[in-house]
Amino acid sequence: MGHMGLFHRASFTPVPADGGQDIRLVLDHVGYVYPDGSVGLRDVSCMVAATSMAVIGLNGSGKSTLLGALDGTLSPVS
């Protein structure tokens with residue numbers, strides 16, 4: 001079985017209703033190219049600081065690749 005990342009866990013610890021710890025994730029100029037040569041991410045920078053988040057986009061727009069880079073299941077190439 002492959003590497004399991006942060007977002008692949010079966011359950012998450014609930015965040016306290018009183019505004020407990022935020023999720024803080026940062027990507028700075030990240031790129032990812034799949035083994036077949038197709039580009040999954042190109043020069044993506046983002047910071048997430050929230051108690052929850054949603055990633056929305058069209059099929060093939062890089063949502064799963066972005067989450068894989070954030071949780072460590074994919075190692076960015078740049």
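Owing to the predicted nature of the structure, the values given are computational and were not obtained by experimental measurement.

## Side note on the overall build of the protein
Okay, step 1: Within the protein, the secondary structure is distributed over one helix and two strands.
Okay, step 2: Going through the 78 residues of the protein one by one, you find that 22% of them count as buried.
Okay, step 3: Summarising the internal contacts of the protein: among those between residues at least 6 apart in sequence, 52% fall at separations of at least 24.
Okay, step 4: Looking at the protein as shown, the accessible area adds up to about 5800 Å², and 56% of this sits on carbon and sulfur atoms.

## Here we look at the nonpolar core
Okay, step 1: In this structure, Leu25, Leu27, Val30, Tyr32, Leu41, Val48, Leu66, Ala69, Leu70 and Leu74 together form the largest nonpolar core, which totals ten residues.
Okay, step 2: Elements with a minimum of two residues in this core: β1 (23–33), β2 (39–50) and α1 (63–71).
Okay, step 3: Here this core gets four residues from one element, more than from any other, and that element is β1.

## Points about α1
Okay, step 1: Listed as buried for α1 are Thr65, Leu66, Gly68, Ala69, Leu70 and Asp71.
Okay, step 2: Of the residues flanking the end of α1, it is Gly72, one or two places downstream, whose phi is positive at about 90 degrees.

## As for unusual backbone geometry
Most peptide bonds are trans, and most residues other than glycine sit at a negative phi.
Okay, step 1: Its identity is not glycine, yet His29 carries a phi of approximately 55 degrees, on the positive side.
Okay, step 2: For His29, the position within the fold is in strand β1.
Okay, step 3: Its relative accessible area of 46% is what places His29 among the partly exposed residues.

## Regarding the side chain of Thr65
Okay, step 1: Of note, Thr65 is situated in helix α1.
Okay, step 2: With near-sequence residues (within four places) excluded, Thr65 lies in contact with Tyr32, Tyr34, Gly40, Leu41 and Leu74.

## Quick look at the confidence of the model for the protein
Okay, step 1: Here the protein shows a mean pLDDT of 75. Residues at 70 or above account for 71%.
Okay, step 2: Element-level mean pLDDT values for the protein span from 82 in β1 up to 85 in α1.
Okay, step 3: Scored below 50 in pLDDT, residues 6–12 shows ten contacts in the model against residues more than four places distant or in partner chains.

## Regarding a nonpolar patch on the surface
Okay, step 1: A grouping of Val33, Val39 and Val77 is seen on the molecular surface, where their side chains present a nonpolar patch of about 230 Å² in accessible area.
Okay, step 2: The residue Val33 is located in strand β1 in this model.
Okay, step 3: Look at Val33 and you get partly exposed, because its relative accessible area is 36%.

Parameters and conventions
Residues numbered from 1 in each chain as written. Predicted model: local features only at pLDDT ≥ 70, side-chain atom pairs only at ≥ 80, totals over all residues. Heavy atoms only, no water. Helix = DSSP H or I, 4+ residues; strand = E, 2+ residues; numbered from the N terminus. Buried < 20%, exposed > 50% of the residue type's maximum accessible area, 1.4 Å probe, protein only. Contact = heavy atoms within 4.5 Å. Areas by Shrake-Rupley, 256 points an atom, 1.4 Å probe, with all protein chains shown as cover. Core = buried A, V, L, I, M, F, W, Y, C linked by side-chain atoms within 4.5 Å. pLDDT = per-residue confidence, 0-100. Patch = residues over 30% accessible without salt bridge, like charges linked within 9 Å, V, L, I, M, F, W, Y side chains within 5 Å. Salt bridge = Lys/Arg side-chain N within 4 Å of Asp/Glu carboxyl O.

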